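# Survey of secondary and tertiary structure
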Amino acid sequence: MSTATGVAPTQGGGRGVRRGPGAPALRRFAPPAVLVVVLVLMLTVGTTYAGGKTASAGANGGVVAFSPAQWAQKNFPAVQKYISTHAIAASTLVADLKKDPTGAKVGITPNGAIGPEIPVKFTGVVKSNTGGGIYNIAVSGVPTTQVIHLVTGPAILSTDLRDVSGQYTQNTPGINNQTDFLNAALALNNVMKSQVLAKAGVSDLTGKTVTVEGAFGLINPALWTITPSKLTVS
């Protein structure tokens, strides 16, 4: 492209710019150049992908941005179904873990985890609120030496619901990186809170009977800290 020639104006209003032969051409081609920029922005910023998702392809290198909330809404029913199908009664689980404290036969160990994620179910009486929305549960057929905690929030930071089935990894389609993988776990917890805990009412469970399906990571065999997938209160 030609470059305008001449002298730039001096501060205080000296001589004006003498425009060279390139200036008219610049004026003539400027509008199409602007249109090209606009079209590029439309193609990179407003691209719509399958499923109705819109992502910034320019900002993400062409990768569809992960939506944790949408992903969790879609996958939470499958998590509930898996736990319902595979949950072990608490009284049976106590016996199983006495035979094998590693829990290798009753759960799935996620890559890099200390121990397996185990699906469990029980009906019990809430003995106390230990603080932070964590309730201590007494379950018939389970010795008092076995501590069972039920997590109800408001803060639920576990990855139990995401990891219990072993079906979700950092290579799961739609999950692009480690941050997405963590956000998937937190989003599942949020969906569970809105669909399960909010409906059950968990502000004061002490003395009430609860029926629970859920999962926990086996770290200390004497303490199960359970994230629920289903909960009824009576």
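Quick look at the structure, then. (Residues numbered from 1 in each chain as written. Predicted model: local features only at pLDDT ≥ 70, side-chain atom pairs only at ≥ 80, totals over all residues. Heavy atoms only, no water.)

### A few points about the overall build of the protein chain
What counts, and what does not: Secondary structure is summarised from DSSP: a helix means a run of H or I of at least four residues, a strand means a run of E of at least two, and numbering begins at the N terminus for each. Partly exposed residues are those whose accessible area sits between 20% and 50% of the maximum for their type, while under 20% is buried and over 50% is exposed, using a 1.4 Å probe and protein chains only. Any two residues whose heavy atoms approach within 4.5 Å are treated as being in contact. All accessible-area figures derive from a Shrake-Rupley calculation using a 1.4 Å probe, and residue coverage is judged against the displayed protein chains alone.
Of the regular secondary structure elements, the protein chain holds five helices and six strands. Secondary structure elements of the protein chain occur, N-terminal to C-terminal, as α-α-β-α-β-β-β-α-α-β-β. Scored against the burial criterion, the 234 residues of the protein chain give a buried share of 35%. The long-range share in the protein chain, meaning contacts at least 24 apart out of those at least 6 apart in sequence, stands at 61%. Accessible surface for the protein chain amounts to roughly 13,300 Å². Of this, 59% is attributable to carbon and sulfur atoms.

### Looking at the packing of aromatic side chains
Both the distance between ring centres and the angle between the ring planes are used here to describe each pair of aromatic rings. The test is simple: Ring geometry is summarised as follows: Phe, Tyr and Trp rings, the Trp one being its six-membered ring, pair when their centres sit within 6.5 Å, and such pairs are stacked at plane angles under 30 degrees, edge-to-face over 60 and tilted between the two. Placement of a positive charge over a ring is assigned whenever Lys NZ or Arg CZ falls within 6 Å of the ring centre and within 35 degrees of the normal to the ring plane.
Summed over the entire model, instances satisfying the criterion amount to three aromatic pairs. With 5.2 Å between their ring centres and 15° between their planes, F216 and W224 make a pair best called stacked. Summarising the burial analysis for this pair, F216 and W224 share the class buried. Lying across the ring of F181, R162 places its NZ or CZ 3.6 Å from the centre.

### Section: helix α2 (residues 68-86)
Rules: Expected helix span is given by 1.5 Å per residue-to-residue step, counting one fewer step than there are residues. A residue's bend is simply the angle between two axes: one fitted to the seven residues ending at it, one to the seven starting at it.
For α2, with 19 residues, the first-to-last C-alpha span of 25 Å sits near the 27 Å given by 1.5 Å per residue. At N75, α2 shows its maximal kink, close to 40°; a proline, P77, follows between one and four residues later. Residues W71, A72, N75, F76, V79, Q80, Y82 and I83 constitute the buried set of α2. Looking at the buried side of α2, the elements it contacts are β2 (117-131), α4 (160-163), α5 (178-200), β5 (209-217) and β6 (223-233).

### Describing the nonpolar core
The criterion, for reference: We define the nonpolar core as a collection of buried residues of types Ala, Val, Leu, Ile, Met, Phe, Trp, Tyr and Cys that are connected through side-chain atoms lying within 4.5 Å of one another.
With 48 residues, the main nonpolar core has L93, F122, I137 and W224 as its most contacted residues. Elements supplying a minimum of two residues to this core: α2, α3 (90-99), β2, β3 (134-139), β4 (147-151), α5, β5 and β6. In terms of residue count, α5 provides more of this core than any other element does, eight residues in total. Here F122 is in contact with A90, I137, V139, I148, V210, T211, V212 and I226, once residues within four sequence places are set aside.

### A look at α5
Stated precisely, the cut-off is as follows: As used in this structure description, the phrase polar contact means that two N or O atoms lie within 3.5 Å; if the pair is within protein, one of them must be able to donate a hydrogen and the other to accept it, and residues adjacent in sequence are counted only when both atoms belong to side chains.
The terminal C-alpha atoms of α5, which comprises 23 residues, lie 32 Å apart, in line with the 33 Å expected from a rise of 1.5 Å per residue. If you check which residues of α5 are buried, you get D180, F181, A184, A185, A187, L188, N189, V191, M192, V196 and L197. Considering only its buried residues, α5 is in contact with α2, α4 and β6. Where α5 begins, the capping side chain belongs to N177, and its oxygen is found 3.1 Å from the backbone nitrogen of T179. Downstream of α5 by a residue or two, G201 has a phi angle that is positive, lying close to 80°.

### Observations regarding the environment of P228
Position of P228 relative to the elements: it lies in strand β6. Leaving out residues up to four positions away in the same chain, P228 has contacts with L150, V151, L161, M192, L197, V212, E213 and G214.

### Some points on the environment of V106
Looking at the secondary structure, you find V106 in the loop between α3 and β2. The spatial distance from the C-alpha of V106 to the C-alpha of V120 is 9.7 Å, given a sequence separation of 14 residues. With residues near it in sequence (within four places) discarded, V106 still touches I88, L93, D96, L97, I118 and P119.

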